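Spelled out from the first residue to the last, the chains are:
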Amino acid sequence: MGRRNSYRTSRPRRGRREVDVNIEDGSQERRNLLKYGGPWAVTLGGGIVVEGLHLVAATNPVTSSITTLALAATGYGLTQFMQKLDVRAKADRDTRILHAVNCGAVTAGVTLGTVIGVDTAATAGSWLLAGTGMSIANNLWSAFGGKTKEGKGNSKWSRLESQIGLAQHELKEAESNGRGTVTAKVEAKDGATADEFARKIPALASALKVGAGRITHTVNDDDVSDITVRVQVADLLKDGVRWPGPSAFGTGFGDTPLPLGRYEDGADLLLNIPGVLRDPQGLETGNVEHCVAQGTNGAGKTQGNAVMITEASTRSEVSIFLLDCAKPDQDYGHIRHAADMWITEERDVKRFFKQMGPVIKARAAYLASKGLARWEPGCGLNFLLIICEEAADYADGDAYAKVLRTIRAAGGWVETSIQRATHDQMDTTARSNHPAGMAYGLADGAEAAYVLPPEAIEAGAFPGWGNRKPGYLYAAGMGIPQERWAVTARTYFADRDTLAAAVTAGMNVRTPLDSVTADALGPLWTNRTSFTTPLLASSAAAPVAPPAPSQTEAPAPAEEAGGRDDLDEEMADEDEEDVEVDEEMLAQETEEMLAMLEDLLNEDPEPGAYEGLTIEQEITPPAEDAPTFALPSPVEEGQQLSPEDGRAAILTRLHEWFANGKPSFEPKELSDLWLRVALKAPRNWWNRLRSELLETGVIEDSETYGEYDIVRDPLAEGN
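Residues numbered from 1 in each chain as written. Predicted model: local features only at pLDDT ≥ 70, side-chain atom pairs only at ≥ 80, totals over all residues. Heavy atoms only, no water.

Peer 1: Got a minute to help me understand the overall build of the protein chain in this structure?
Peer 2: The number of helices and strands found in the protein chain is 22 helices and 17 strands. When each of the 719 residues of the protein chain is scored for burial, the buried share is 40%. A sequence separation of at least 24 residues applies to 67% of the contacts in the protein chain between residues at least 6 apart. Of the roughly 40,000 Å² that the protein chain leaves accessible, carbon and sulfur atoms contribute 54%. (Helix = DSSP H or I, 4+ residues; strand = E, 2+ residues; numbered from the N terminus. Buried < 20%, exposed > 50% of the residue type's maximum accessible area, 1.4 Å probe, protein only. Contact = heavy atoms within 4.5 Å. Areas by Shrake-Rupley, 256 points an atom, 1.4 Å probe, with all protein chains shown as cover.)

See the structure below:
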């Protein structure tokens, strides 16, 4: 009995399983019949229906016209309805085109057939010929094209929705640019936000098997539910991009953007440094935005700066100030002749920033006299490109921060290159005055937040590759559209000889520094160090061209001077040969010196009237007519100065120091003048004069205790 029950239980299960298979097979057969037979049914049966409509409508012209318009309107509505169904079904682009063509062809055939009929050999043949072609095309698409496209986007996204929780973010459309970049539109539905999608990006990158930072997103400012996702599936920058040469040789610095490198999707990385350009080429125009270039040692900052400096040196209306206190010859020796000012000492750098105060004031006054609110191409002033390399050595002074605040409208741009823009390396207030940023490779990619805007970080910018990918960076600001802030780029690479040759050629088209800026710089400009030749290993023995007027050629390095080490060795050998040491004489002189010292120590320190004096004995007071000892006056009466003459003498000395390039002084260096002032308290008089000089900005407190920096010429006009 038990066996019978078990047998009966098992038999129906097998029967149901067979029925289920038959049902699935039947459904598949019906789907295939509809898929492949439907087009033929429309072709063969449609002709009969169309001919019937023609016979009915042809009896009355009004009826024929109304029928024709109704058929055309119905076909158009069917086409639009099918497009909406395709959008909801997330059909791919080719499927949408197929449906649109089918709807259009059927509408056109039915409408024309109703008007002219298919009762003649010509019309019937045309109907069958066109219908047969359409049927074969649909069958081929169903057999081959449909399978390759089926579920390509929809099913994959559906799996992602279930795996990482993207059910509320609907994929609208995706397209590839053919260069390894896929861009897709995503719509946040039912109150979902872009922040929620951003938190899913790491999981999405893992599911799509791409690297960190390869998926970024931007949000439409006018519709926060409209999200654009960008996936970089291939690294086209791995082999680097060679610098193509000057992009706009001989043109003005404010004419076109300055190219720095290439984005990973093949677009050029362009910078709008002066803020306003005659031809922005897709960049935004606006204010000058100072930039912090941050990256670990070996990340490629110097190479990027070298390309930037070279590009700028091949244009007019720009002057380059290069500040590098670490290793200037090694970093920029090959393009040193691009710099209008080459400053390599920390003391001179700080003096430069102090002197930029009067420079900015003079340039602003000039622009105001021209009716300009900011620098513009052709205004008569050169744009100032100030490159601060290894700025951690000096990016903490008040003068440096003041330049960042005020030079923008006067036509100047500052790039601060630093390894870590943290508070211990760079003043936070100064850092906030750098609206733009370039984040090269960092040991911790999260540190990009120090230099990149929050929008770039939120979009997925994460340069956590250290120095393993030299030249790779994210760039934000400087006119770059916001949607490019989180796109990885790489600077051009070029050998040192190529860059040096470009700078040398650019010397023929560059505009000399304008007189307004040069006069305001004063001795800092007239006593500057500049170059007319590069520093290259291949040209170390080549003759050096004479410097241009009002320029000073820096002394050649030791290896260029030719055998400096050998000369030192020869001098040392000569000294060793000329000096002979007599050991006996040296011992005798030592004994005599010791004896003299012993005699001096044994002598009474207070001989004469106080010889033998003890603490118990009283000293006899001097007689009433004894002469009184008086301290001599600091100066004789004939050499004293009136307060007016003393003031003039001090200002004249400060004027001479400023003209000769003396950066600072100590008060004792003026004591020979203010001590001669014919007053009871000359020191108080000097303190008042010093306070006046500080208030008027002629001198400033130096960072070295007890010193004052000479900022302005006290005898210049207006001072």
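Peer 1: How should the packing of aromatic side chains be read in this particular structure?
Peer 2: Per the stated rule, a full pass over the model turns up 12 aromatic pairs. When the centroid spacing of 5.1 Å and the interplanar angle of 70° are considered together, the rings of Trp375 and Phe383 count as edge-to-face. For the pair Trp375 and Phe383, a shared accessibility class is recorded, and that class is buried. Considering the side-chain rings of Trp465 and Tyr474, the 5.8 Å spacing of their centres and the 40° angle between planes classify their relative orientation as tilted. Residue Tyr474 is classed as buried on the basis of its relative accessible area of 1%. An aromatic cluster is defined as three or more aromatic residues linked by ring pairs; in this entry it consists of Phe321, Phe352, Phe353, Tyr394 and Tyr400. Its guanidinium or amino end placed over the ring of Tyr472, Lys469 lies 4.5 Å from that ring's centre, counting from NZ or CZ. (Phe/Tyr/Trp six-rings, centres within 6.5 Å; stacked < 30°, edge-to-face > 60°. Lys NZ or Arg CZ within 6 Å of the ring centre and 35° of its normal.)

Peer 1: Help me understand the nonpolar core, please; the structure alone is not making it clear to me.
Peer 2: Side chains of nonpolar character tend, in soluble globular proteins, to be buried together. Leu323, Phe352, Phe353, Met356, Trp413 and Met438 are the most contacted members of the largest nonpolar core, which has 100 residues in total. Ignoring anything within four residues of it in the chain, the contact list for Met438 reads Leu260, Cys291, Val292, Ala293, Gln294, Met308, Glu415, Val451, Leu473, Tyr474, Ala475 and Met478. Ranked by size, the runner-up nonpolar core spans 18 residues in total, among them Leu654, Leu670, Leu673 and Leu693. (Core = buried A, V, L, I, M, F, W, Y, C linked by side-chain atoms within 4.5 Å.)

Peer 1: When you look at the environment of Ala248 in this model, what are you seeing that I'm missing?
Peer 2: Within the secondary structure layout, Ala248 lies in the loop between β4 (223-232) and β5 (258-263). If sequence neighbours within four positions are ignored, Ala248 has contacts with Thr256, Thr314 and Arg315.

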